[in-house]
Every structure is written in structure tokens, then in C-alpha cells.
Amino acid sequence: MSGLNSLTIADARDKLRSKEISAVELTEACNTAVAGSDALNAYSVKTPELALDQAKAADARLATGDAPDLCGIPLGIKDLFCTKGVASQAASNILEGFKPEYESTVTTKLWGAGAVMLGKLNMDEFAMGSSNETSAYGAAINPWRRQGSDVALTPGGSSGGSAAAVSGDLCLAATGTDTGGSIRQPAAFTGIVGVKPTYGRVSRWGIIAFASSLDQAGPMTKTVRDSAIFLNAIAGHDAKDSTSADFAVPDFEAALTGDIRGKKIGIPKEYRLDGMPAEIEKLWDDGAAMLRDAGAEIVDVSLPHTKYALPAYYVLAPAEASSNLARYDGVRYGHRAKLQKGEGIHEMYARTRAEGFGKEVQRRIMIGAYVLSAGFYDAYYRRAQRVRTLIKKDFEDVYASGVDAILTPATPSAAFGLGEMADADPVKMYLNDVFTVTVNLAGLPGVSVPTGLDSQGLPLGLQLIGKPWEEADMLNTAYALEQAAGFVSKADKWW
Ligand code: GLN
């Protein structure tokens, strides 16, 4: 059988349970797709033998007739997740050779549910970036190309390998992490669905930290239904993560009725940016019309502090990163610099960090150390925290007025060419996150749904922002949007 790698989780689950296919067959199809995908540079590590062992175990479990939804489903895992005995480097040279002694909670839950690991996925170094170009492994490549062009495009970042792998059918689904948009932006750039859950919904234990008050793991899948299934498998309280919430996890898939009659959907006027491409405006208007046609009420809302979100994020995220990354000093993990005669421990630290961290990571560490320093703490860090509170309150006010979800574009453009931003001011790259960072600052759930193509044939996505802990409702609205948009396009296979 061929093409099994292009199945959705839901279809594969049903075929596995009815014995139409086996987990081993499905895994072999994925292993073959992965082996032939080097041109996409999506995988940093391939684990085909481990995958086959897990698939055999899954088939045994399926034979008992009592297997969880993800049993036998082949997945890719972002390199930010610690996987026992399998290299986990956060796409950084500083973690060269690091093989964790333990498994992250998310992946523990996935393997416990019988899922199969195909390998580790490329990403921006320490999840800092929007194009996968900061990776020590080199950029992952978007399976999509502009019509009639062979220019290599970014799959977005930081979960670029995850997005490329799901979009290119190199796995059925993948894990991502989202600190400022790293699940939703790459999902939009590659025509897939990406969910950033409410902060605290999914355990961060064993995920290499970037900015701990913003980081959240989530699913990257081919459909909304698959995201619902995946989120059910990874969500829930974890005693090992003090920021994970002890709330009941609803059945997200059961919530997908597609009935959104009477729901109030807010359109925030501050997200209508000056100079926004007409295609993005149209996509957004079309999305609102689809939800209206499905019975929702569309209302204008205001999130007045939106314009301060990016500056606040780019103070807070680097501040937390500078602290989280202080542990990489050549003593405990990964790379250690070779010293010249007469050099001591200080030179070892400095040289190790200079050699091990890439440019963007160094920039963030320096910004972070600066905004936390005694003279500037109040002017930058404390101020940014206050702005964060105001941004959160903007959302609270909108939701208190009876709005159920907020609709925005996911990104200000379609995927751009690799290298296109290389000489640009780093702030230009940071602008990619303009629609997504607010959601992390406020701790809310968000989902990116592919709803159209631009004039060059590239996918575009819309974002729905939900109320805290209301992923089920948000996913149902996303499902209605997905049904209405009917996005089924795939990249032509050229790799
Ligand atoms: N692009 C943003 C950044 O560079 C967000 C990254 C992320 O969500 N991990 O910080």
C-alpha cells in the first residue's frame, strides 16, 4: 500500500482499529517518506528502527482491541523536547552530543498512548526565530513553492521542521512549541493546523526552556480534528511542572460538532495594520463571512494595547531566555571549548558560550541581561510586565462583553524566501509575530487554520483566539471555519 504517510490521524486510527492497515505498514510508509526527504531538512535525527519497534508494540496493543487514539500513529518530535537516549539539541551547537537521561512529559504521554517516534525535527536555535534559519542544522525548507518558481521558502519558525514534516507528509503529526507564535506561524506558512493551548494546559517538563512564562507545547496536524485528538493525549496536570494547571481536560474531539450558531466572534480593529497586504485583508473578511454564514455573530472589538505587544515580548522573552540559558556553560552539558595554555574557568565559560550559541541567541541573551540589569530593570523589564498585564486585561474585557472567540490573520504575509530577511534589521523578522505574541503574553489558547491561497499559490492561515481553558469551544469554531473554507491543497512533491 502506498501513500499511507498522507493519512490524517483520525483516518489512520480508524483503519488501524478496523485492521485495514497495520502500524508497521503505516510506519514503514513514513520511514520511507522521511528517508527520501533530505531536501526538506525537516528531520535532525531519524529513528526508523525505534519507530518500527514501537509500531510492533502498537500492533500488539491494537490486537487486544483496547488501544488509545494515538496507538500506532507515527509522529515527529521537535528537537526542543527531551527524548531519552535520543539527541535533543534545541538545534544548538552548545548542546552538541546531549542525549537526555529522561523523557519530557509530553513525549512520555505520547509513547504511553502507543504513538511512534519517527525522529527529531529541525527548529530555530532554542526556538528563537520565525524562519528556521537560526538552526545549527541549517534551515528546514517549506514543501510549498510559489507557482512556477523553485525559490526555497521558509516553513516559518521556530517549529519549521515540524511544519515542513506535517505539510510534506513526512509524519502524520508533530509536536511544536509556541512562545510567541512558533506553532501558529509555521502552520500558516505550510497549510496545516497548529494549536497553542492555554498556558498551563500542557506540561513544560522536559522541554528545553526558552521563556518559561510564555512557552507552551501543542499539536501541529493536518486537520482540526487531529489537533483535538493530539491535544487530548498531551494535556493535563503534571506534578513535575508547577505551572501546569490541575483542571479537568474535556474530550476535545467530541466537542467538534461544527455548530457555532449564536457564538459571538470578535474582530479586533487594532489588528488591521497599515500597509497590510490586500490578500490578507480579504482572507480575514472571507473568514468572518464564513463564520457568519455558519450562524455566528460577528462583532467589532478593541484590544487597545496591541501595539505594545511586540516591544513588551522582545523585552520579556529575552529576559527569561538570558536566565534559562545561563546553565549552558560547558560544565554540565554538550559543547565545551578547548582552552589555550594559561586559560582558566572564566575563559572556558566565555569561549564555550561564544562558540556554542548562534548570533540570534547571543543577541537575545545580551538584550535579556541588559533589561534585567540593576540600572535598567525598572525602565524595561518592570515596564514590560505592566504592559503585559494591560494586554491581558484587554482580552479579559472583550471576553467579559460576551465574545466567545477572536478572529485575526495568523501572519502578516505568506511564507517568504530563505535568506530574504538575512540583511534586514532583526526587527523586520520580529514583525512576523505581530498577530501571535499577544496570545502568549495573555496566556490564551490560539489556533491557526489554513483557509486560502495567495496569488502565488501559497497557503495563508487565520487565527482564532479562545477564552482561557476553552480550547474545546475554540477548536469547534476552528472546525466550522475549516469546513467552510474547504482547504484541501497540498504542495506539489518536488523533493
Ligand atoms: N518568533 C518568535 C521569537 O523569535 C517566537 C518564537 C517562538 O514562539 N518560539 O521569539
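Refer to the structure presented above.
For the structure given in this document, a descriptive report is provided here.

## What to know about the overall build of the protein chain
Looking only at helices and strands, the protein chain has 15 helices and 11 strands in total. In terms of C-alpha radius of gyration, the protein chain reaches 21 Å, essentially the compact-globule figure of 23 Å for 495 residues. Considered along the principal axes of its C-alpha atoms, the protein chain spans approximately 70 × 55 × 50 Å. Taken as a whole, the protein chain presents about 18,500 Å² of accessible surface, with 52% of it coming from carbon and sulfur. The protein chain carries 49 positive and 59 negative side-chain charges, and their two centres are separated by 4 Å.

## With respect to a nonpolar patch on the surface
Nonpolar side chains collect at one region of the surface, where Val331, Ile345 and Tyr349 lie side by side and expose about 240 Å² of accessible area between them. By relative accessible area, which is 41% here, Val331 ends up partly exposed.

## What about the side chain of Thr107?
You can see Thr107 is positioned in helix 4 (residues 105-112). Since its relative accessible area comes to 0%, Thr107 is described here as buried. If near-sequence neighbours (up to four positions away) are discounted, Thr107 is found in contact with Ile77, Phe81, Cys82 and Thr83.

## Details of empty space enclosed by the protein
It is a probe the size of a water molecule, rolled over the atoms, that shows where empty space is left. Overall, the coordinates contain one cavity of 30 Å³ or more when judged by the stated rule. Looking at the largest cavity, its volume works out to about 80 Å³. Around the largest cavity, the lining is made up of 14 residues, and of these Ala127, Gly129, Ser182, Tyr313 and Asp433 lie nearest the centre.

## Considerations on the environment of Gly97
In this fold, Gly97 is placed in the loop between strand 2 (74-78) and helix 4. A residue is classified by how much of its surface remains accessible, and Gly97, at 66% relative accessible area, is exposed. Sequence-wise, Gly97 and Val86 are 11 residues apart; in three dimensions their C-alpha atoms are separated by 9.6 Å.

## Focus: the site of the ligand
If you check the shell around the ligand, you find 15 residues, and the closest are Thr179, Gly180, Ser182, Tyr313 and Arg364. Residue Ala127 places a main-chain N or O atom 2.8 Å away from a nitrogen atom belonging to the ligand. Gly129 is positioned such that a nitrogen or oxygen atom in its backbone is 2.9 Å from an oxygen atom of the ligand. Bound to the protein, the ligand loses 100% of the 290 Å² it would expose on its own. Structurally, the ligand is housed in the largest cavity. Among the residues making up the shell around the ligand, the classes are represented as five nonpolar, seven polar and three charged.

## Here we look at helix 12 (residues 377-400)
Its 24 residues give helix 12 an end-to-end C-alpha distance of 33 Å, which sits within 8% of 34 Å, the value for a rise of 1.5 Å per residue. Taking the largest bend as the criterion, helix 12 deviates by roughly 25°, centred on Arg383. Where helix 12 is concerned, the buried positions are Tyr381, Ala384, Val387, Arg388, Ile391, Asp394, Phe395, Val398 and Tyr399. Buried residues along helix 12 sit in contact with strand 8 (297-301), helix 9 (309-324), helix 11 (359-372), strand 9 (405-409), helix 14 (437-442) and strand 11 (459-466).

Conventions we followed
Residues numbered from 1 in each chain as written. Predicted model: local features only at pLDDT ≥ 70, side-chain atom pairs only at ≥ 80, totals over all residues. Heavy atoms only, no water. Helix = DSSP H or I, 4+ residues; strand = E, 2+ residues; numbered from the N terminus. Rg over C-alpha atoms; globule rule 2.2 N^0.38 Å. Areas by Shrake-Rupley, 256 points an atom, 1.4 Å probe, with all protein chains shown as cover. Lys, Arg positive; Asp, Glu negative; His and termini not counted. Charge placed at Lys NZ, Arg CZ, Asp CG, Glu CD. Patch = residues over 30% accessible without salt bridge, like charges linked within 9 Å, V, L, I, M, F, W, Y side chains within 5 Å. Salt bridge = Lys/Arg side-chain N within 4 Å of Asp/Glu carboxyl O. Buried < 20%, exposed > 50% of the residue type's maximum accessible area, 1.4 Å probe, protein only. Contact = heavy atoms within 4.5 Å. 1 Å grid on protein atoms, 1.4 Å probe; cavity = no way out; pocket = protein on both sides within 12 Å on 5 of 7 lines; lining within 4 Å. Points joined across faces, edges and corners; volume = space filled by probe spheres on them. Near = heavy atom within 4 Å. Polar contact = N/O pair within 3.5 Å; in protein donor to acceptor, adjacent residues only side chain to side chain. Sits in = over half its atoms within 2 Å of the grid points. Nonpolar A, V, L, I, M, F, W, Y, C, P; charged D, E, K, R; others polar. Expected span 1.5 Å × (residues − 1). Bend = angle between axes of the 7 residues up to and from the residue.

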